[in-house]
Amino acid sequence: MHPITTVHYLALSAALLLIGTVGVLTRRNIVIILMSIELILNAVNINLVAFSHAIGEVHGQIFAIFVIVDAVAEAAVGLGILIALFRNKETVLADEIDLLKW
Amino acid sequence: MLIDSIFFYVFALLTLGGAIFTITRRNAIHSAISLIVSLLGVAGLYLLQHAEFLFAVQIVLYVGGIMVLFLFVIMLVNLDQAAKERQFNRQWMVGLAAVAAVGAEIAYFFYHGGSDSFQFGETVAPASTIGNTEAVADVLFSQYLLPFEIASILLLVAVVGSVVMAKKRI
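Residues numbered from 1 in each chain as written. Chains lettered and ligands numbered in written order. Predicted model: local features only at pLDDT ≥ 70, side-chain atom pairs only at ≥ 80, totals over all residues.

### Observations regarding the overall build of chain A
Looking only at helices and strands, one finds three helices and zero strands in chain A. Going residue by residue from the N terminus, the α and β elements of chain A occur as α-α-α. Each of the three principal axes of chain A carries a C-alpha extent, and together these read 55 × 25 × 20 Å. Of all 102 residues assigned to chain A, the portion counted as buried reaches 51%. Partitioning the intrachain contacts of chain A with sequence separation of at least 6 by distance along the chain shows that 48% fall at a separation of at least 24. (Helix = DSSP H or I, 4+ residues; strand = E, 2+ residues; numbered from the N terminus. Buried ≥ 20, exposed ≤ 12 C-beta atoms within 10 Å, placed from the backbone. Contact = placed C-beta atoms within 7 Å.)

### Looking at the overall build of chain B
The helix and strand inventory of chain B stands at seven helices and zero strands. Secondary structure elements of chain B occur, N-terminal to C-terminal, as α-α-α-α-α-α-α. By residue count, 24% of the 170 residues in chain B fall in the buried class. When contacts within chain B are restricted to residue pairs at least 6 apart in sequence, those whose partners lie at least 24 apart make up 54%.

### Some points on the interface of chain A and chain B
How big an interface is tends to be stated in terms of accessible area lost as the parts join. The partner chain B presents 72 residues to the 61 residues of chain A that form the contact. Elements with a contribution of two residues or more to the side of chain A that touches chain B: helix 1 (6-26), helix 2 (30-55) and helix 3 (59-89) of chain A. In terms of residue count, helix 3 of chain A provides more of the side of chain A that touches chain B than any other element does, 21 residues in total. Its residues assigned to classes, the side of chain A that touches chain B shows 42 nonpolar, 15 polar and four charged. (Nonpolar A, V, L, I, M, F, W, Y, C, P; charged D, E, K, R; others polar.)

### Observations regarding the confidence of the model for chain B
All names here are of chain B. Residue-level pLDDT values for chain B average 86, and 89% of them are 70 or greater. Of all the helices and strands in chain B, helix 4 (residues 80-84) carries the lowest mean pLDDT, 76, while helix 2 (residues 28-48) carries the highest, 93. For this predicted complex, the interface score ipTM comes out at 0.91, while the overall pTM is 0.89. (pLDDT = per-residue confidence, 0-100.)

### Looking at the packing of helix 3 of chain A against helix 7 (residues 145-166) of chain B
Contact geometry for helix 3 of chain A and helix 7 of chain B: axes closest at 8 Å, N-to-C directions at 10 degrees. Taken together, helix 3 of chain A and helix 7 of chain B sit at an angle that is classed as roughly parallel. Only P147(B), A151(B), L154(B), L155(B), A158(B), G161(B), S162(B), M165(B) and A166(B) of helix 7 of chain B make contact with helix 3 of chain A, whose side of the interface consists of F66(A), V69(A), A73(A), A76(A), V77(A), G80(A), I81(A), I83(A) and A84(A). Of the residues belonging to the contact of helix 3 of chain A with helix 7 of chain B, the class tally is 15 nonpolar, three polar and no charged. (Axes fitted to C-alpha atoms, helices over the stretch in contact; angles between N-to-C directions. Parallel < 35°, antiparallel > 145°, perpendicular 65-115°, else oblique.)

### Quick look at the nonpolar core
Counting residues in hydrophobic clusters, the biggest one holds 62 residues, and the most contacted among them are V31(A) and I46(A). Within the residue set of this core, elements represented by two or more residues are helix 1, helix 2 and helix 3 of chain A together with helix 1 (2-24), helix 2 and helix 3 (52-76) of chain B. For this core, the element with the highest residue contribution is helix 2 of chain A, accounting for 14 residues. When neighbours within four sequence positions are excluded, V31(A) is seen to be in contact with L82(A), V92(A), A28(B), F70(B), V73(B) and I74(B). (Core = buried A, V, L, I, M, F, W, Y, C linked by C-beta atoms within 7 Å.)

### Details of unusual backbone geometry
Unusually for a residue other than glycine, E90(A) sits at a positive phi of about 55 degrees. For E90(A), the position within the fold is in the segment after helix 3. Within the chain, H50(B) stands out as a residue other than glycine whose phi angle is a positive 60 degrees. Exposure remark for H50(B): the 16 C-beta atoms within 10 Å place this residue in the partly exposed category.

### As for the packing of helix 2 of chain A against helix 3 of chain A
All names here are of chain A. At a minimum axis distance of 8 Å, the contact between helix 2 and helix 3 shows a crossing angle of 175 degrees. As judged from the angle between their axes, helix 2 and helix 3 are roughly antiparallel. Taking contact as the criterion, the partners of I30, V31, L34, I37, E38, L41, V44, N45, L48, V49, F51 and S52 in helix 2 are, on helix 3, H59, G60, Q61, F63, A64, V67, A71, E74, A75, G78, L79 and L82. The residue makeup of the contact of helix 2 with helix 3, split by class, is 16 nonpolar, six polar and two charged.

And the structure:
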């Protein structure tokens, strides 16, 4: 069995990014689209931590912390928008929100 | 070294399996539970890479904070109607084709990239006398002090914004 190198982590991160992108592009439920965005941000974090470990410095981990802060802000505002949307439109399906389309 | 490899594959399986279940389940609660499994797998990967502080942050903030927020919202909005309908939109073929193209591109560069593109082996980090949390704090509060304060303002804006969004009448 090969020892685990940085490339293993990069491949895992790419796979997680693609799964998250599939979720964003194909699902109709907005809650699950937001969860897929969390998956994408986690893929980015795996990349940052892997390079940080390979180089031997902690700067990558600092950036991962900032990415986590962004993810928290995004989830809070996104779910607030979702609650406002559900109150007005009674739906959580992304393709039924077509008020601007005519 | 063998035990490290085994742990890596276990955590990678948790991460990817949880992610796939997250985007395929019909019930949003099941998706949220699968996402928790996936995030715990990512936390284990952080621990394997000696990022102990991020491991704790991942569990406390993601699994304890964001996922509880998600579960709250899932229970606030009524998802029973949405669970009975189609789960994938009409453009899912185009979406899958686009993602397959990007995946093929990434795989191509993994295997046939420039001769020196992915040649770095695993450098063993020098045995430092200070712990990971201390090292992170040293850099975060000296070199990254301004971004840290800006991040705190961002969180304040997010708090105010989410309250404004979710409140009926301001």
